[in-house]
Amino acid sequence: MHLLIRAGGYPFRLLRYTFTFCCKLFCRRPQIISAYTSVGLMACLLLCLKPKKKKPTDDEPKENKRSIPDREPTEGRQNQESIPDQEPTEDGEKQQSIPDRETTDVKEIPRSIPDREPTDKEENAGHNEPYRVECTDLLYCEYDTTWETLKDSQGDRRPRDSTQRAYDYEFNRFEYAAKDMYNYRHDYPLPMGRSYHRGKQGTDMPNLTFYLGERASEPDGFSIGEFHKTWRGDYYRLERVHSFVQWIFPLQEVGMNDEAFVLTKQEIKAFLNNETAKLNLQQSYRLMLDFYGIELSNLETGAVGRASNWPERFGNMNWHTHNNLRLTRILKCLGTLGFRHYQAPLVRFFLEETLVQGKLPAVKESVLNYFLFAVLDKAQRRELVRFAFWNYEPREKFIWCPKKIQEAFLREGRLASCSNPADPSSEELRQVEENNDLIQTEL
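Residue positions are counted from 1 within each chain, in the order its sequence is given. With the structure being a predicted model, the display of local features is reserved for residues of pLDDT at least 70 and the display and counting of side-chain atom pairs for 80 or more, all residues being used for whole-chain, interface and lining totals. Hydrogens and water molecules were not included; the side-chain quantities draw on all heavy atoms of the structure.

Caption draft 1: A look at the environment of E267. With respect to the helices and strands, the residue E267 is situated in helix α11 (residues 265-272). Relative accessibility under 20% of the residue-type maximum defines a buried residue, over 50% an exposed one, and the middle range a partly exposed one, all with a 1.4 Å probe and only protein chains included. Residue class for E267 comes out buried when judged on its relative accessible area of 1%. Taking C-alpha positions, E267 is 5.7 Å from M205, a pair spaced 62 residues apart along the chain. Within the local environment of E267, its side chain forms a polar contact with the backbone nitrogen of L208, the two atoms lying 3.4 Å apart. A run of H or I in DSSP counts as a helix once it spans at least four residues, and a run of E counts as a strand once it spans at least two, with each numbered from the N terminus. By the criterion applied in these results, polar contacts are pairs of N or O atoms within 3.5 Å in which, for protein atoms, one can donate a hydrogen and the other can accept it, and in which residues neighboring in sequence qualify only through two side-chain atoms.

What follows is the structure in structure tokens.
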């Protein structure tokens, strides 16, 4: 019997343990042997009577555990469960799996239709057509209103991919400056933030009365007439004294002189209607141009050129870069107080001296970030951006307008070269296009 129990497997092994336990317990407490023996024998009996599962053989197919649906699969759902993750499509994205909800009609998810190619008529449109950009365009700046943003343009700005991140340092500096220039061009709709002081606001129009010779500046104490007579040609004083600029070129924003007054709307209106004040402002502008080595060659158009002292004064601008802030203030003041037609000629002069002649390298960044976008006339500002684009080196690193606008400039240049094949700029245009094609590889 012992051999039979030993060969019987798990139920018989349990019976053997129970029998051995009962024998040992009988030697000590025979009164409880009958109870333990009965329980053990009943448990063994139940285990022995439980049927075992029959293992499937190789000839018999395994049972499919997946439940079979009650309906026939539709065309869109056929064999959907047995198919693993699908291969990526041509766009590099996996197709979305159809949910398991019951549907009678399974429609194919439509693909987004790409932008159509421009027709010949659209591609050959002249520069008089408005330049339209979208907020998702590469190098788009929300504060640059030089270009028309599409009304149906939705979504956030283009994410910072590897191409955009290559421009991050310069482009971030441009965006910071563009916000300030946007605020100026749109009459300060944005808060100007914290400053060293809040700036004075006079009720008696102090900036206008100063330009009419009825009050002196603070803290220097000179009148506008004295400034024109005694400060002209005194380059050392013009360079070292920093408290006169806020009086000579007032703005609607505070400056470094806490004794100066912020220009008010009432003053602006009165200033524009006062010829004496405007003539004095014109004299102040000519005085400061002489300090920078520039002369006003045409009072009507505002055309400027190099003065006889330009080598010395250009060297001073390259050495003392705080004059870039002064020039930005001068351009803003000209646009506010009736001389907005003087803005574009001065900016064009600095673009030529920085990008073409290379005489003012320390002014280059301020010209592109600030001077250029101080011009209130949008058409003139676009022409200045176009001039800067064609003269900037390396041109593929130009970040002061969206890439879409740069492509429009290239198309216009292509048309110009086709109309005049002998123009040597056609070879330059071809080189520009090759550089733009290789920009992704370079980055």
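Caption draft 2: Region of interest: the pattern of salt bridges. We define a salt bridge as a contact between a side-chain nitrogen of Lys or Arg and a carboxyl oxygen of Asp or Glu at a distance within 4 Å. For the structure on display, the rule yields 15 salt bridges. Measuring nitrogen to oxygen at the nearest pair gives 3.5 Å for the salt bridge that ties R382 to E148. With R382 in helix α17 (residues 378-391) and E148 in strand β2 (residues 148-149), the pair connects residues that are 234 residues apart, well separated along the chain. Given the relative accessible area of 12%, R382 is considered buried. With its nearest N and O atoms 2.8 Å apart, the salt bridge here joins E353 to R306. Placement of the pair is E353 in helix α15 (residues 343-356) and R306 in strand β4 (residues 304-306), with a sequence separation of 47 residues. The exposure class assigned to E353 is buried, which follows from its relative accessible area of 5%. Judged by its relative accessible area of 30%, R306 falls in the partly exposed class.

Caption draft 3: Main features of the packing of aromatic side chains. Note on ring pairs: Phe, Tyr and Trp rings are taken, using the six-membered ring of Trp, and paired if centres are within 6.5 Å. Classes follow the plane angle, with under 30 degrees stacked, over 60 edge-to-face and the rest tilted. Per the counting criterion, the structure on display carries 28 aromatic pairs. Here the aromatic rings of W231 and F244 are separated by 5.2 Å at their centres, their planes lie at 50°, and the arrangement is tilted. Taken together, the positions of W231 in the loop between α8 (224-230) and α9 (235-240) and F244 in the loop between α9 and α10 (245-248) put the pair 13 residues apart, joining distant regions of the chain. Ring centres of Y392 and F398 lie 5.6 Å apart, and the angle between their planes is 75°; this geometry places the pair in the edge-to-face category. Classification of Y392 as buried rests on a relative accessible area of 11%. Pairwise contacts between aromatic rings join F210, Y211, F222, F227, W231, F244, W247, F261 and F271 into one cluster. The rule for a charge over a ring is simple: NZ of Lys or CZ of Arg within 6 Å of the ring centre, and within 35 degrees of the ring normal. Above the ring of W310, the side-chain terminus of R306 is found at 4.0 Å from the ring centroid. The ring of F387 is capped by R348, whose NZ or CZ atom sits 3.8 Å from the centre of that ring.

Caption draft 4: Fine view of α17. Each residue after the first adds 1.5 Å to the expected span of a helix. The end-to-end C-alpha distance of α17, which contains 14 residues, comes to 20 Å, matching closely the 20 Å that a straight helix rising 1.5 Å per residue would cover. Along α17, the residues that are buried comprise R381, R382, L384, V385, R386, F387, A388 and F389. Near the N-terminus of α17, the side chain that reaches the backbone nitrogen of A379, with its oxygen 3.1 Å away, is that of D377.

Caption draft 5: Representation of the nonpolar core. Ranked by size, the top nonpolar core spans 86 residues in total, and within it L238, F244, I248, Y285, M288, F350 and L351 carry the most contacts. The contact criterion used is simple: two residues touch if any of their non-hydrogen atoms lie within 4.5 Å. Leave out the neighbours within four places in its chain, and I248 touches F210, Y211, F222, I224, F227, L281 and S284. Residue types Ala, Val, Leu, Ile, Met, Phe, Trp, Tyr and Cys, when buried and joined through side-chain atoms within 4.5 Å, form a set referred to as a nonpolar core.

Caption draft 6: Structural context of the environment of T149. Among the secondary structure elements, T149 is positioned in strand β2. Judged by its relative accessible area of 35%, T149 is partly exposed. Separated by 14 residues in sequence, T149 and C135 have C-alpha atoms that sit 7.2 Å apart. Those residues within four positions of T149 in sequence are excluded, and the remaining contacts are V133 and Y140.

Caption draft 7: How the structure looks around unusual backbone geometry. E218 connects to P219 through a cis peptide bond whose omega is 5°. Along the chain, P219 falls in the loop between α7 (206-211) and α8. Going from E393 to P394, the amide bond is cis rather than trans, its omega being -5°. Tracing the sequence through the fold places P394 in the loop between α17 and α18 (403-419).

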